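Structural overview
The lines below spell out each chain.
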Amino acid sequence: MSFHGQKIIPAIRSMKDFEKMIDSPYTYGVFLDLHVGMLKSVYSHAKKHNKKMFCHVDLIHGLSSDEAAAEYICQELKPYGLISTKGSVITKARQKGVYATQRAFILDTHALERSIKLIAKTDPDYVEVLPGVIPKVIKEIHERTGKPIFAGGLIDHVDEVEQAIEAGASAVTTSNLMLWDKFSSS
């Protein structure tokens, strides 16, 4: 299983990373840690190079991660998708016809149950499970929600990517350039 043929979804933390992704065979990626003033230019550049980018709303500097921010991003930038821990952002993305990814931090059983309930309520297109190094949790969330899963966080090795995919993840989000290189031809 993969996400549109990609086992890896490059997570962009810097302009240097973005240029590397532009020059890569990857079509889909995610912007992390962007300043609000850079949004229009990076999305314009991505579209010029046929890259389809998710925007992690919670990590945009200078913009609140709320419904209004989600609406603004959807209307002005028309991203491929939004990622957020906040249910209101996921709901707004869905209303605007933008792919929505509910980010879920699974720290313990209580967080797992709370996340399952939130996923049922917001009905995202995808779920990103963090940390992504727990195949048991990836499998359980995938089975209980029926949603495609992205695994993210603490994945540093090729075998961890493969274990996440085997557990049911569609792809792994990572800023680890070594993993981008390893899986760019997969």
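Let us look at the structure shown here. (Residues numbered from 1 in each chain as written. Predicted model: local features only at pLDDT ≥ 70, side-chain atom pairs only at ≥ 80, totals over all residues. Heavy atoms only, no water.)

**What to know about the overall build of the protein chain**
This is how the line gets drawn: Numbering of helices and strands runs from the N terminus, with a helix taken as a DSSP run of H or I at least four residues long and a strand as a DSSP run of E at least two residues long. Here the radius of gyration uses the C-alpha set of atoms, whereas the globule reference equals 2.2 Å times the residue count to the power 0.38. To sort residues, take the accessible area from a 1.4 Å probe on protein chains only and compare it with the maximum for the residue type: under 20% means buried, over 50% means exposed, and anything in between is partly exposed. Residues are treated as being in contact if the distance between any of their heavy atoms lies within 4.5 Å. For accessible areas, the Shrake-Rupley method is used with a probe of radius 1.4 Å. Any residue's cover is judged against the shown protein chains and nothing else. A residue counts as positive if it is Lys or Arg and as negative if it is Asp or Glu; His and the chain ends are not included. Charge positions are represented by NZ for Lys, CZ for Arg, CG for Asp and CD for Glu.
Regarding its fold elements, the protein chain presents 8 helices and 8 strands. Over its C-alpha trace the protein chain gives a radius of gyration of 15 Å, about what one expects of a compact globule, namely 16 Å for 186 residues. With the C-alpha coordinates of the protein chain rotated into their principal frame, the extents come out at 40 × 35 × 25 Å. Burial statistics for the protein chain: of 186 residues in total, 49% are counted as buried. A separation of at least 24 residues holds for 52% of the contacts in the protein chain among residues at least 6 apart in sequence. Counting every atom, the protein chain has about 8,600 Å² of accessible surface; 51% of that belongs to carbon and sulfur. Taking the average place of the 23 positive charges on the side chains of the protein chain and the average place of its 22 negative ones, the gap between the two points comes to 5 Å.

**Side note on the packing of aromatic side chains**
Rules: Between 30 and 60 degrees the pair is tilted, below 30 it is stacked and above 60 it is edge-to-face, where a pair is any two Phe, Tyr or Trp rings, Trp via its six-membered ring, whose centres lie within 6.5 Å.
A full pass over the atoms with the stated rule returns 14 aromatic pairs. Geometrically, the ring pair formed by Phe3 and Tyr28 is edge-to-face, given 5.0 Å between the ring centres and 75° between the ring planes. With Phe3 in the segment before β1 (8-12) and Tyr28 in strand β2 (residues 28-31), the pair connects residues that are 25 residues apart, well separated along the chain. For Phe3, a relative accessible area of 4% puts it in the buried group. The rings of Phe3, Tyr28, Phe54, Tyr80, Tyr99, Tyr126 and Phe150 are connected pair by pair, giving a single aromatic cluster.

**Some points on the packing of helix α3 (residues 67-77) against helix α4 (residues 87-95)**
Cut-off, in case you're wondering: What counts as an axis is a line fitted to C-alpha atoms, over the stretch in contact for a helix, and the angles between N-to-C directions run from 0 to 180 degrees. Any angle between 65 and 115 degrees counts as roughly perpendicular, while under 35 counts as roughly parallel, over 145 as roughly antiparallel, and the rest as oblique. Definitions for this section: a left-handed crossing has its near helix turned counterclockwise from the far helix by less than a right angle. A right-handed crossing has that turn clockwise. When residue character is reported, Ala, Val, Leu, Ile, Met, Phe, Trp, Tyr, Cys and Pro are called nonpolar, Asp, Glu, Lys and Arg charged, and the others, Gly included, polar.
Where α3 contacts α4, the axes come no closer than 8 Å and their chain directions differ by 30°. As far as their axial angle goes, α4 and α3 are roughly parallel. The hand of the α3/α4 crossing is right-handed. In contact with Glu67, Ala70, Glu71 and Cys74 of α3, α4 contributes Ser88, Val89, Lys92 and Ala93. Partitioned by chemical class, the residues of the contact of α3 with α4 number 4 nonpolar, 1 polar and 3 charged.

**Observations regarding the pairing of strand β8 (residues 169-174)**
Two faces make up the sheet, and in a regular strand the side chains alternate between them. Here is the rule we go by: Here a strand pair is declared whenever DSSP counts at least two bridges between the two strands. The crossover handedness rule: strands pointing away from the viewer, path from first strand over the helix to second strand clockwise, crossover right-handed.
In terms of burial, β8 is a largely internal element, 6 of the 6 residues being buried. Bridge count for β1 against β8 is 3 bridges, and the pairing is parallel. Directly across from Ile9, in β8, lies its bridge partner Thr173. For the crossover that starts at strand β7 (residues 149-152), traverses helix α7 (residues 158-166) and ends in the parallel β8, the hand is right-handed.

**Focus: the sheet that holds β1**
Reading around the barrel, the 8 strands line up as β1-β2-β3-β4-β5-β6-β7-β8 and close back on themselves, with parallel pairing between neighbours. If you compare each strand with its neighbour and ignore which way they point, the axes differ by 25° on average. Lying on the sheet, helix α1 (residues 15-22) is in contact with β1, β2 and β3 (52-56); it crosses β1 at an angle near 145°.

**Side note on the pattern of salt bridges**
Any two side chains of opposite charge can pair, given that their charged atoms come close. Going by this rule: Each reported salt bridge corresponds to a side-chain nitrogen of Lys or Arg within 4 Å of a carboxyl oxygen of Asp or Glu.
In total, this model carries 14 salt bridges according to the counting rule given. For Asp123, the salt bridge goes to Arg94, with nearest N and O atoms at 3.4 Å. Of the two residues, Asp123 is situated in the loop between α5 (109-122) and β6 (126-130) and Arg94 in helix α4; the sequence distance between them amounts to 29 residues. For Asp123, a relative accessible area of 34% puts it in the partly exposed group. Overall, the relative accessible area of 34% leaves Arg94 in the partly exposed class. When the shortest N-O distance is used, the salt bridge between Lys139 and Glu143 registers 4.0 Å.

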